[in-house]
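Chain by chain, the residues:
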Amino acid sequence: MKKICFIAPYKGLADVAAAVVDELGLRIDVHCCPIQESVTFAKEAKKKGAQILISRGGAATVLKHQLDLPVVEVKVTGYDVLRALNPYRGTSETIGIVGFENVVRGCRTICEMWGIATKEYIVVGDANHVDWQAAREEVQALIDAHQIKVVIGDNVSLRLQVKAETIQMISSGREAVVQALEEAQSLLLVQEEEKKTTEQLRMIIDFVHD
């Protein structure tokens, strides 16, 4: 029984996670699942013995709100942001940053350091309760108003299907995945130790009662 389940909202992340899991010889299930199906999938994983979930961005937010299992988030690392923004270093153009707050936040510092002008759109709430049509219209209005040619963000920026010359997703690299896997394993170890302590206490109480 595998007690950690990695739910990737896009195939690229699933591929990176599967490669790292195989490289490190870990007993962790890795699956690719769209955000809108992540809760249903996670509930099935829980029935099969999953005790900890790993996901990213909007999917992680949804799972945290709707399940009673611990969710470890694959955070956007400085490496991920640097890889995504590096091609636009020194540009005089305004870059659009779109996504959930936990992803957009990671872009802000780098853009300020490099002097990249940005316009941000933060998706509020979890993915299952977002008015995607309204969000699409608001982002498109932002793009048109500021003549934005490049939009960068998480997979939400692709889902919105707005019109811009370039739409680039911030992909999670190996560093972010390894960090999340290590955090999940540490959390699982704590859970197992707590179970042992609880069982020992139960045995002591039963013995005293006898």
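Throughout what follows, the structure given in this document is the object of discussion. (Residues numbered from 1 in each chain as written. Predicted model: local features only at pLDDT ≥ 70, side-chain atom pairs only at ≥ 80, totals over all residues. Heavy atoms only, no water.)

The phi angle at glutamine 147 is positive, at roughly 50°, despite the residue not being glycine. Its location among the elements puts glutamine 147 in the loop between α6 (132-145) and β7 (150-153). One non-glycine residue, glutamine 161, lies in the positive phi region at around 55°. Within the fold, glutamine 161 resides in the loop between α7 (155-159) and β8 (166-169). (Helix = DSSP H or I, 4+ residues; strand = E, 2+ residues; numbered from the N terminus.)

Moving on to the sheet that holds strand β2 (residues 28-32). As summarised here, the arrangement of the four strands in space is β2-β1-β3-β4, forming an open sheet in which the pairing is parallel. Sheet topology places β2 and β4 (71-74) at the edges, where each strand pairs with a single neighbour. Averaged over all neighbouring strand pairs, the angle between strand axes comes to 20°, with direction disregarded. The sheet contact formed by strand β3 (residues 52-56) and β4 spans four bridges and is parallel. The residue bridging isoleucine 54 from the neighbouring strand is valine 72, located in β4. Packing of helix α1 (residues 11-24) onto the sheet brings it into contact with β1 (4-8), β2 and β3, and relative to β2 it is tilted by some 160°. (Pairing = 2+ DSSP bridges. Axes fitted to C-alpha atoms, helices over the stretch in contact; angles between N-to-C directions. Contact = heavy atoms within 4.5 Å.)

In this structure, Ile4, Phe6, Ile28, Ile54, Val177 and Leu181 are the most contacted members of the largest nonpolar core, which totals 23 residues. Of all the secondary structure elements, the ones that give two or more residues to this core are β1, α1, β3, β4 and α8 (174-209). By residue number, the principal contributor to this core is α8, which donates seven residues. Apart from residues lying up to four places away in sequence, isoleucine 28 is in contact with Lys2, Ile4, Phe6, Val21 and Leu181. In terms of nonpolar packing, the next biggest core, distinct from the first, is built from 17 residues, Val81, Ile95, Val103 and Val150 among them. (Core = buried A, V, L, I, M, F, W, Y, C linked by side-chain atoms within 4.5 Å. Buried < 20%, exposed > 50% of the residue type's maximum accessible area, 1.4 Å probe, protein only.)

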